[in-house]
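As a plain string of letters, each chain reads:
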Amino acid sequence: MTNIKKAIALINTFATGDTAAARNLLAKGCIQHNTGIADGVSGLGAALAALAEQGIQMIYTTVHQVLAQGSFVLAVSEGTFGGAPTSYYDLWRVEDGKIAAHWDVMETIAGKSIWANENGKF
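1. Thoughts on the confidence of the model for the chain
Here comes step 1: Of the residues in the chain, 95% have a pLDDT of 70 or more, and the chain-wide mean is 88.
Here comes step 2: Highest mean pLDDT in the chain belongs to strand β4 (residues 84–95) (95); lowest belongs to helix α1 (residues 3–16) (75).

2. Some remarks on helix α3 (residues 40–53)
Here comes step 1: Its 14 residues place the ends of α3 20 Å apart at the C-alpha level, agreeing with the 20 Å of an ideal helix rising 1.5 Å per residue.
Here comes step 2: Of the residues making up α3, those classed as buried are G40, V41, G43, L44, A47, L48 and L51.
Here comes step 3: Among the residues trailing α3, G55 stands out with phi positive, at a value near 75°.

3. So, the side chain of T86
Here comes step 1: Along the chain, T86 falls in strand β4.
Here comes step 2: There is a polar contact of 2.8 Å between the side chain of T86 and the backbone oxygen of A84.

4. So, the packing of aromatic side chains
Here comes step 1: Tallied over the full model, the rule gives 2 aromatic pairs.
Here comes step 2: Ring centres of F72 and W103 lie 6.1 Å apart, and the angle between their planes is 45°; this geometry places the pair in the tilted category. Pair noted here: F72 is in strand β3 (residues 72–81) and W103 is in strand β5 (residues 98–108), with a separation of 31 residues, a long-range link.

What counts and how
Chains are numbered independently. Their residues run from 1 in the order of the written sequence. Note on the predicted model: pLDDT of at least 70 is required for a residue's local features to be given, and 80 or more for side-chain atom pairs to be given and counted; whole-chain, interface and lining totals, by contrast, use all residues. To obtain the side-chain values, all non-hydrogen atoms of the structure were used and water was disregarded. Confidence scores labelled pLDDT are given residue by residue by the predictor and lie between 0 and 100. Helix and strand labels come from DSSP, where a helix needs a run of H or I of at least four residues and a strand needs a run of E of at least two; each type is numbered from the N terminus. Every helix has an expected span of 1.5 Å times one less than the residues it contains. Exposure is judged per residue with a 1.4 Å probe applied to protein chains only, and the accessible area is read against the type maximum: over 50% gives exposed, under 20% gives buried, and values in between give partly exposed. Side-chain atoms alone can form a polar contact between residues adjacent in sequence; in general such a contact is a pair of N or O atoms within 3.5 Å, and within protein one must be able to donate a hydrogen while the other accepts it. Here is the rule: rings of Phe, Tyr and Trp (six-membered ring for Trp) pair when centre to centre is within 6.5 Å. Planes less than 30 degrees apart are stacked, more than 60 are edge-to-face, and the remainder are tilted.

Next comes the structure, spelled out in structure tokens:
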């Protein structure tokens, strides 16, 4: 599976809630650069469980663009976080066939009525 396919597969695990599949794509010691998630597969599982306990879902609905160079893959996606329209920018480093590191930026997408232009986030 190519690095791009691994990244898209990981996004699909969030879209479907298949955390078991996510665990198969991540390196056991995956380094997490999101300060709210501990390193490793268990860190991601704990973070997702904590969100679920609060009734918060992180849902990816559309992947707009995937870019890859070498071992790095960037995905630009949208969905919802806790019901709010959200943009997701995820950067992964793939090593030995597994996702070894992750960086992300999430931003709530403002309502169209307050946009200063007609371009939108995507």
